[in-house]
Amino acid sequence: APAPLPAWHLFSDPAEVEALRGNLLSWYDRCKRDLPWRALAATEPDADRRGYAVWVSEIMLQQTQVATVIDYYNRWMQKWPTLQALAQASLEEVNELWAGLGYYSRGKRLQEAARKVVSELAGRMPRTAEELQKLLPGVGRYTAGAIASISYGQATGVVDGNVIRVLCRLRCIGADSSSPAVIDRLWDLANVLVDRSRPGDFNQALMELGATVCVPKAPLCGECPVKQHCRARCRKLFGKPSPVPDVEDCGVGDCPLCPPATEPWDSSLGVTNFPRKAAKKAPRVMRTATCVLERRGCHGALEYLIVQRPSSGLLAGLWEFPSVPLAQDLQEKKEREVLADHLQAWVGWPVAAKGLCFIGEVIHIFSHIHQTYVVYSLSLDGDVTVDPALSPSRWVTKDEFHASAVSTAMKKV
Ligand code: SF4
């Protein structure tokens, strides 16, 4: 059996846990931000609608800033106020509303899961974290815990990026915070800490603390409601961890939660010694040629050809200007030829590579891909009909383009 963890990294004093909960909750009551999903979760009497409202917010907030999400959330809830309404929407409508929010599979999965709740669970949301995770596609451990605690009052903890940072600092956890072993310990800590009578508020308070006070680069420790419980701060102020056990028991040898011996505490970093992550993998570098094909529409307005991406993979089902991935290190002449060949399939006759007008390059960073779009344009004269046997395509005006399900990268293009 693994050796028991040093108390240094745990919350083993019930009186301290009680004090921490009280301090955090009273700070939250005073300082929490007004957010539309919080208002809904607090006032909606129907449990299924409450669960749905929290679920939508949690999915939108994954990897996305609160300020960006608010407008999307309000529009979504206005358009689909219930699970039943969402279950009846088309994927195209979902993609259109989601356009610009990124990580597009989230919207698709949310809608698939809503259909499942309606068709297989009689429209009733599962009420516990365990069931939510088991029964709803796209709902992981974090989202399940958030929905269950906030909507249904289940006393279960949550661990997201903000909680990881706060807990690692509170308990001086310096081992790789993305490793499964450390993540498991953080879930244990979150489950010990969560307030039994106000679990949803407590979880939101812990996340709010990470988002507004215990921020990554310059945390506001002086204003922190749990500073007296924070071992990283204690270590910063007093130069060494106290009062729990002899630090020499922890950090040397094989404590699984201490910083590795090769990267010890760095006093110039203070509390931002924690958390620590293994170095990220470098993003994949990709280059894609894309062409803005333009024609004069029947009403005289300029129109642009957009085509639909495949229904799986990156940006699944979204629309884009005809694009083709390029091998690395191609000469410009060769890049034009590759694009001209690709365009021939769309316009139905040979396209001269020389006729493509180079516009510039657009760089867009996806989470794991460093993408460069090499942008060309081509004006077409006369009537152009795209072969309907090809994947779906349509001509759109500039306004229609912006209202379509297109990615932020394409808008940049
Ligand atoms: Fe974070 Fe500082 Fe508060 Fe500790 S005292 S939890 S490091 S803000």
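Because the structure is predicted, anything quoted here is derived from the model rather than measured. (Residues numbered from 1 in each chain as written. Predicted model: local features only at pLDDT ≥ 70, side-chain atom pairs only at ≥ 80, totals over all residues. Heavy atoms only, no water.)

Colleague: Can you tell me about the overall build of the protein chain, naming the residues and giving the values?
Modeller: Within the protein chain, the regular secondary structure consists of 16 helices and 7 strands. Per-residue burial for the protein chain yields a buried fraction of 48% across its 413 residues. Within the protein chain, contacts between residues at least 6 apart in sequence are counted, and of these 67% link residues at least 24 apart. Roughly 20100 Å² of accessible area belongs to the protein chain as shown, and the carbon and sulfur atoms make up 54% of that amount. Of the side chains in the protein chain, 48 bear a positive and 45 a negative charge, and the two mean positions are spaced by 2 Å. (Helix = DSSP H or I, 4+ residues; strand = E, 2+ residues; numbered from the N terminus. Buried < 20%, exposed > 50% of the residue type's maximum accessible area, 1.4 Å probe, protein only. Contact = heavy atoms within 4.5 Å. Areas by Shrake-Rupley, 256 points an atom, 1.4 Å probe, with all protein chains shown as cover. Lys, Arg positive; Asp, Glu negative; His and termini not counted. Charge placed at Lys NZ, Arg CZ, Asp CG, Glu CD.)

Colleague: Before we move on, can you summarise helix α6 (residues 91-98) with the specific residues and values?
Modeller: Helical geometry: 3.6 residues make up each α-helical turn, so side chains three or four residues apart lie on a common side. The complete set of buried residues in α6 reads Val 94, Asn 95, Leu 97 and Trp 98. An end-on view of α6 places all buried positions within 165 degrees of arc, on one side of the element. Packing partners of the buried residues in α6 comprise α3 (47-61), α4 (66-79), α5 (83-88) and α7 (105-120). (Arc of directions from axis to C-beta.)

Colleague: Give a description of the pairing of strand β1 (residues 284-296) that names residues and reports values.
Modeller: Note: β1 against strand β6 (residues 369-379), 11 bridges, orientation parallel. Counted as the bridge partner of Leu 293 is Leu 378 from β6. For β1 and strand β2 (residues 302-308), the ladder comprises 3 bridges, and the chain directions are antiparallel. Bridge pairing in β2 places Glu 294 opposite Tyr 304. (Pairing = 2+ DSSP bridges.)

Colleague: How would you explain the packing of helix α1 (residues 14-31) against helix α12 (residues 199-212) if you had to name every residue and give the values?
Modeller: Orientation of α1 relative to α12, taken along the N-to-C sense of each, is 75 degrees, at an axis distance of 9 Å. In terms of axis orientation, α1 runs roughly perpendicular to α12. The residues of α12 that touch α1, namely those facing Leu 20, Arg 21, Leu 24, Leu 25, Trp 27, Tyr 28 and Cys 31, are Asp 201, Phe 202, Gln 204, Ala 205, Leu 206, Glu 208, Leu 209 and Thr 212. (Axes fitted to C-alpha atoms, helices over the stretch in contact; angles between N-to-C directions. Parallel < 35°, antiparallel > 145°, perpendicular 65-115°, else oblique.)

Colleague: An account of the nonpolar core is requested, with residue identities and associated values reported.
Modeller: Core analysis: the largest hydrophobic core is formed by 104 residues, its most contacted members being Tyr 52, Trp 55, Met 60, Trp 76, Leu 167, Leu 186 and Leu 209. Broken down by element, the residue count for this core peaks at 9 residues, all from α3. Each of two domains, domain 1 (7-228) and domain 2 (284-403), supplies a minimum of three residues to this core. When sequence neighbours within four positions are dropped, the list of residues in contact with Trp 76 reads Tyr 52, Val 56, Met 60, Leu 86, Val 94, Leu 97, Trp 98 and Leu 110. If you look at the next biggest cluster of nonpolar residues, it comprises 19 residues, including Val 307, Leu 356, Val 374 and Leu 378. (Core = buried A, V, L, I, M, F, W, Y, C linked by side-chain atoms within 4.5 Å. Domains from an automatic or database assignment.)

Colleague: Help me get a handle on the domain arrangement of the protein chain, residues and values and all.
Modeller: Assigned domains of the protein chain: these are domain 1 (7-228) and domain 2 (284-403). Taking only C-alpha atoms into account, the centre of domain 1 sits 39 Å from that of domain 2. Counting residues at the interface gives 6 residues for domain 1 and 10 residues for domain 2. Overall, the association of domain 1 and domain 2 removes approximately 550 Å² of surface from exposure, summing both partners, and the carbon and sulfur fraction of that is 47%. Counting the surface domain 1 buries against domain 2, the share from its top three residues, Glu 92, Asn 95 and Tyr 104, is 63%. Applying the counting criterion to the domain 1 and domain 2 interface returns 1 salt bridge. In this structure, Arg 394 engages Glu 92 in a salt bridge whose closest nitrogen and oxygen atoms are separated by 4.0 Å. The tally of links between domain 1 and domain 2 comes to 2 residue pairs in polar contact (both at pLDDT 80 or more). When the residues that make up the side of domain 1 that touches domain 2 are grouped by side-chain class, the tally is 2 nonpolar, 1 polar and 3 charged. (Buried area = accessible area lost by both parts, 1.4 Å probe. Salt bridge = Lys/Arg side-chain N within 4 Å of Asp/Glu carboxyl O. Polar contact = N/O pair within 3.5 Å; in protein donor to acceptor, adjacent residues only side chain to side chain. Nonpolar A, V, L, I, M, F, W, Y, C, P; charged D, E, K, R; others polar.)

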